[in-house]
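Summary of structural features
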Amino acid sequence: MPVTSSGRIASIRRSKIFNTKNDLSEATRVAVVELLNARLADCIDLQTQIKHAHWNVKGPNFIALHELFDKINEEVEDYVDEIAERAVQLGGIAQGTTRTVAKRSSLPQYPANAVDGRSHVEALSSALAAFGKSARQAIDTVDDLSDLDTADVFTEVSRGIDKWLWFVEAHLQAER
Ligand SMILES: [Fe+2]
């Protein structure tokens, strides 16, 4: 059967977003899902950077930082799940594979030469701050799209990230 131009458009739309009885408009859901997937890539990247620090940190503060980083990892894993599942609730596909994340993440590359506690604290505080900034910007964007529930997800995430930034950054603040 020949594919009409309208049929092609319908099939492109179908591949982009699933139908749902959720009352948010399709245009809103498409835009929000795209934003959720961008922040999902950042959040998964952040989580792997935290695990990297948890495994590799060395020095006199080893056990405190090793345990702190694992605690942060556990909560960031919850943020990953919240962001991904919100995208699916809105009819989207959560794009969370490692290869997709590596292509899409906007976070800075984790420094390969970080060894001592100070360098991991410096690197992780930068990663947390970068993700905190983009999560906070996402609150405003979805607020403008009148999706206050996704705004609530990003508010919870950015509030948590602010707390973890404090926990990590406090290791450096006595020096200033
Ligand atoms: Fe571990």
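Residues numbered from 1 in each chain as written. Predicted model: local features only at pLDDT ≥ 70, side-chain atom pairs only at ≥ 80, totals over all residues. Heavy atoms only, no water.

Let us now look at the environment of Ile63. With respect to the secondary-structure elements, Ile63 resides in helix α3 (residues 62-89). In this structure, the C-alpha to C-alpha distance between Ile63 and Cys43, residues 20 residues apart in sequence, is 25 Å. (Helix = DSSP H or I, 4+ residues; strand = E, 2+ residues; numbered from the N terminus.)

For side chains of opposite charge, pairing can occur when their charged atoms come near one another. Applying the stated criterion across every chain yields a total of five salt bridges. When the shortest N-O distance is used, the salt bridge between Asp70 and Lys51 registers 2.8 Å. Remark: Lys51 occurs in helix α2 (residues 26-56) and Asp70 occurs in helix α3; sequence separation between them is 19 residues. Between Asp162 and Arg136 there is a salt bridge, with its nearest N and O atoms 3.0 Å apart. Of this pair, Asp162 sits in helix α6 (residues 148-173) while Arg136 sits in helix α5 (residues 117-144), placing them 26 residues apart in sequence. By relative accessible area, Asp162 is classed as partly exposed at 33%. Given a relative accessible area of 40%, Arg136 falls into the partly exposed group. (Salt bridge = Lys/Arg side-chain N within 4 Å of Asp/Glu carboxyl O. Buried < 20%, exposed > 50% of the residue type's maximum accessible area, 1.4 Å probe, protein only.)

Taking 1.5 Å of rise per residue, the 28 residues of α5 would be expected to cover 40 Å, and the 41 Å separating its terminal C-alpha atoms lies within 8% of that figure. Positive phi shows up at Ser146, right after α5, with a value of about 60°. (Expected span 1.5 Å × (residues − 1).)

Right, let's talk about the side chain of Ser158 for a bit. Mapped onto the elements, Ser158 comes out in helix α6. Under the relative-accessibility criterion, Ser158 is labelled buried at 5%.

Under the 1.5 Å per step criterion, the end-to-end length of α6 is 35 Å for 26 residues, consistent within 8% with the ideal 38 Å. In α6, a bend of some 30° at Phe167 exceeds every other bend along the element. Of the residues making up α6, those classed as buried are Thr150, Ala151, Val153, Phe154, Val157, Ser158, Gly160, Ile161, Trp164, Leu165, Val168 and Leu172. The inward-facing, buried residues of α6 abut α2, α3 and α5. The N-cap residue of α6 is Asp147: its side-chain oxygen and the backbone nitrogen of Asp149 are 3.3 Å apart. (Bend = angle between axes of the 7 residues up to and from the residue. Contact = heavy atoms within 4.5 Å. Polar contact = N/O pair within 3.5 Å; in protein donor to acceptor, adjacent residues only side chain to side chain.)

Below, the discussion takes up the nonpolar core. Ranked by internal contacts, the top residues of the largest apolar core, which has 48 residues, are Leu46, Phe69 and Ile83. Among the secondary structure elements, those contributing two or more residues to this core are α2, α3, α5 and α6. In terms of residue count, the dominant contributor to this core is α2 (eleven residues). If near-sequence neighbours (up to four positions away) are discounted, Phe69 is found in contact with Ile50, Ala53, His54, Val57, His120, Val121, Leu124 and Val168. (Core = buried A, V, L, I, M, F, W, Y, C linked by side-chain atoms within 4.5 Å.)

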